[in-house]
Amino acid sequence: MRIGELADLVGVTTRAVRHYHRIGLLPEPSRQPNGYREYSLRDAVELARVRRLTELGLSLDEVRNVLADDAGRDLIEILAELDADLARQEEAIRQRRARLGQLLEQAERTGRLPADAPVSPELTALFDVMARASAQVPGPEPLSAARERELLALLETASPDIDRGWFDALVHSLSADPDAMRRAYAVYALLDELAGAAEDDPRVAQAARAIADAVPDEAVRAMRLPDDGLAGTGGFVHAFFADFAPAQTAALRLGIELLRERAG
């Protein structure tokens, strides 16, 4: 058989056959006096096996190892690994489809998706609670509320070196307690007022106390703040504070210190 006849018989391209020769996956057949390759039935059998193995998902290196092992032991191990990998992919796809279904249901129910979507179902529920709380507050939503949503989405996605226990407790408490959400919006309003204030503004202490009082007990109990406050924290915390005006930063730092005292 010529290379084209072999390729047609097995259902691959001549380019694939030549590639298999180049990488040593298939041995070069004998050549006729005119230089054309002459393939036998054995070549077709081996090429068909290569196709079956690649269709299972094996890489060409794995196929080479299988073909080199007449006992078939490596093939069993490779197929078991491949099956486990496909199972993981299948579960990941199932979870992704479930999350997409939630987002589509939310879009159908509300007519929109939040700017920070997609986030987890728990954070989506919290953002819905925030939207309802914002609708009950006169005037536009405080800018600090939008910044809070951005921060929560960042923490959930990036997971910097923090203890997530307090984060999960905070999300759960704010979602479940309307009073906690109202206190949070009072804090957002106070922080917005400090945007152009000086660091020694009396409202800094007021905002700090409101921050400490607004964090639910469940989240406070889960906090693991160091004994030296924020002195030993890294780049993430410094970047976090740099995003606020000086008076807002002072209120947040003092509020965190009050939370550390409250946590004992």
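Let me sum up the structure you'll find in this document. Remember, it's a predicted structure, so these values are computed and weren't measured experimentally. (Residues numbered from 1 in each chain as written. Predicted model: local features only at pLDDT ≥ 70, side-chain atom pairs only at ≥ 80, totals over all residues. Heavy atoms only, no water.)

## Quick notes on the nonpolar core
What tends to happen in soluble globular proteins is that the nonpolar side chains get buried as a cluster. Rules: The definition of a nonpolar core used throughout is a set of buried Ala, Val, Leu, Ile, Met, Phe, Trp, Tyr and Cys residues joined through side-chain atoms within 4.5 Å. Between buried and exposed lies partly exposed: a residue is buried under 20% and exposed over 50% of the maximum accessible area for its type, with that area taken using a 1.4 Å probe on protein chains only. Helix and strand definitions follow DSSP, with helices as H or I runs of at least four residues and strands as E runs of at least two, each counted in order from the N terminus. Contacts are residue-level and defined by heavy atoms, with any inter-residue pair within 4.5 Å sufficient.
Among the nonpolar cores identified, the biggest contains 31 residues, and Leu123, Leu126, Met130 and Met181 are the most heavily contacted of them. Elements represented by at least two residues in this core include exactly helix H6 (121–135), helix H7 (143–158), helix H8 (164–176), helix H9 (178–193), helix H10 (203–214), helix H11 (217–222) and helix H13 (246–263). The residues contacting leucine 126, other than those within four sequence positions of it, are Leu152, Val171, Leu174, Ser175 and Met181. In terms of nonpolar packing, the next biggest core, distinct from the first, is built from 22 residues, Val12, Tyr20, Leu53 and Leu75 among them.

## Structural notes on the packing of helix H1 (residues 3–10) against helix H3 (residues 41–55)
To keep things clear, this is the line we draw: Axis definition: a line fitted to C-alpha atoms, over the contacting stretch in the case of helices. Angles run 0 to 180 degrees between N-to-C directions. Under this scheme an angle from 65 to 115 degrees is roughly perpendicular, one under 35 degrees roughly parallel, and one over 145 degrees roughly antiparallel; angles in between are oblique. Left-handed is the label given to a crossing in which the near helix is rotated counterclockwise from the far helix by less than a right angle, and right-handed is the label when the rotation is clockwise. Polarity classes work like this: nonpolar for Ala, Val, Leu, Ile, Met, Phe, Trp, Tyr, Cys and Pro, charged for Asp, Glu, Lys and Arg, and polar for all others, with Gly in that last group.
Where H1 contacts H3, the two axes come as close as 10 Å, and the packing angle between them is 45 degrees. Taken together, the axes of H1 and H3 lie oblique to each other. Seen along the crossing, H1 lies across H3 with a hand that is right-handed. Contacts between H1 and H3 pair Leu6, Leu9 and Val10 from the former with Asp43, Ala44, Leu47, Ala48 and Arg51 from the latter. Split by residue class, the contact of H1 with H3 holds six nonpolar, no polar and two charged.

## Overview of the packing of H9 against H10
It is the contact of H9 with H10, at a shortest axis distance of 9 Å, that shows an interaxial angle of 155 degrees. As judged from the angle between their axes, H9 and H10 are roughly antiparallel. Relative to H10, the crossing made by H9 is left-handed. Where H9 approaches H10, its residues Arg183, Ala184, Val187, Leu190, Leu191 and Glu193 are matched on the opposing element by Arg203, Gln206, Ala207, Ala210, Ile211, Asp213 and Ala214. The residue makeup of the contact of H9 with H10, split by class, is eight nonpolar, one polar and four charged.

## Some details on the side chain of aspartate 43
Selection rule: All tallies of charge rest on Lys and Arg as positive and Asp and Glu as negative; His and the ends of each chain are not included. We define a salt bridge as a contact between a side-chain nitrogen of Lys or Arg and a carboxyl oxygen of Asp or Glu at a distance within 4 Å.
On the secondary structure map, aspartate 43 appears in helix H3. Arginine 42 is the oppositely charged side chain nearest to the buried, salt-bridge-free aspartate 43, at an N-O distance of 7.5 Å. Residues in contact with aspartate 43, not counting those within four places in the same chain, are Leu6, Pro29 and Glu38.

## Some remarks on the side chain of arginine 37
What counts, and what does not: Two N or O atoms form a polar contact when they lie within 3.5 Å of each other; inside protein one atom must be a possible hydrogen donor and the other a possible acceptor, and for residues adjacent in sequence the pair counts only when both atoms belong to side chains.
Along the chain, arginine 37 falls in the loop between helix H2 (14–22) and H3. Among the polar contacts made by the side chain of arginine 37, one reaches the side chain of glutamate 28 at a distance of 2.9 Å.

## Notes on the pattern of salt bridges
For the structure shown, the criterion picks out 13 salt bridges. For the salt bridge of aspartate 243 with arginine 147, the shortest nitrogen-to-oxygen distance reads 3.8 Å. With aspartate 243 in the loop between helix H12 (235–242) and H13 and arginine 147 in helix H7, this pair connects stretches of sequence that are 96 residues apart. When its relative accessible area of 49% is taken as the criterion, aspartate 243 is described as partly exposed. In this structure, arginine 203 engages aspartate 201 in a salt bridge whose closest nitrogen and oxygen atoms are separated by 3.0 Å. Overall, aspartate 201 belongs to the buried group, its relative accessible area being 17%. Bridged by salt links that share partners, the residues Glu28, Arg31 and Arg37 form one connected network.

## Looking at H2
In an α-helix, one turn spans 3.6 residues, which is why side chains three or four residues apart end up on the same side. Note the cut-off: What the arc measures is the spread of directions leading from the helix axis to the C-beta atoms.
Among all positions in H2, only Ala16, Val17, Tyr20 and His21 are buried. The buried residues of H2 occupy one face: seen down the axis, they fall within an arc of 145 degrees. Exposed side of H2, more than 90 degrees from the buried face: Arg15 and Arg22 are the residues found there. Contacts from the buried residues of H2 go to H1, H3 and helix H4 (60–68). Phi turns positive one or two residues past the end of H2, at glycine 24, with a value near 80 degrees.

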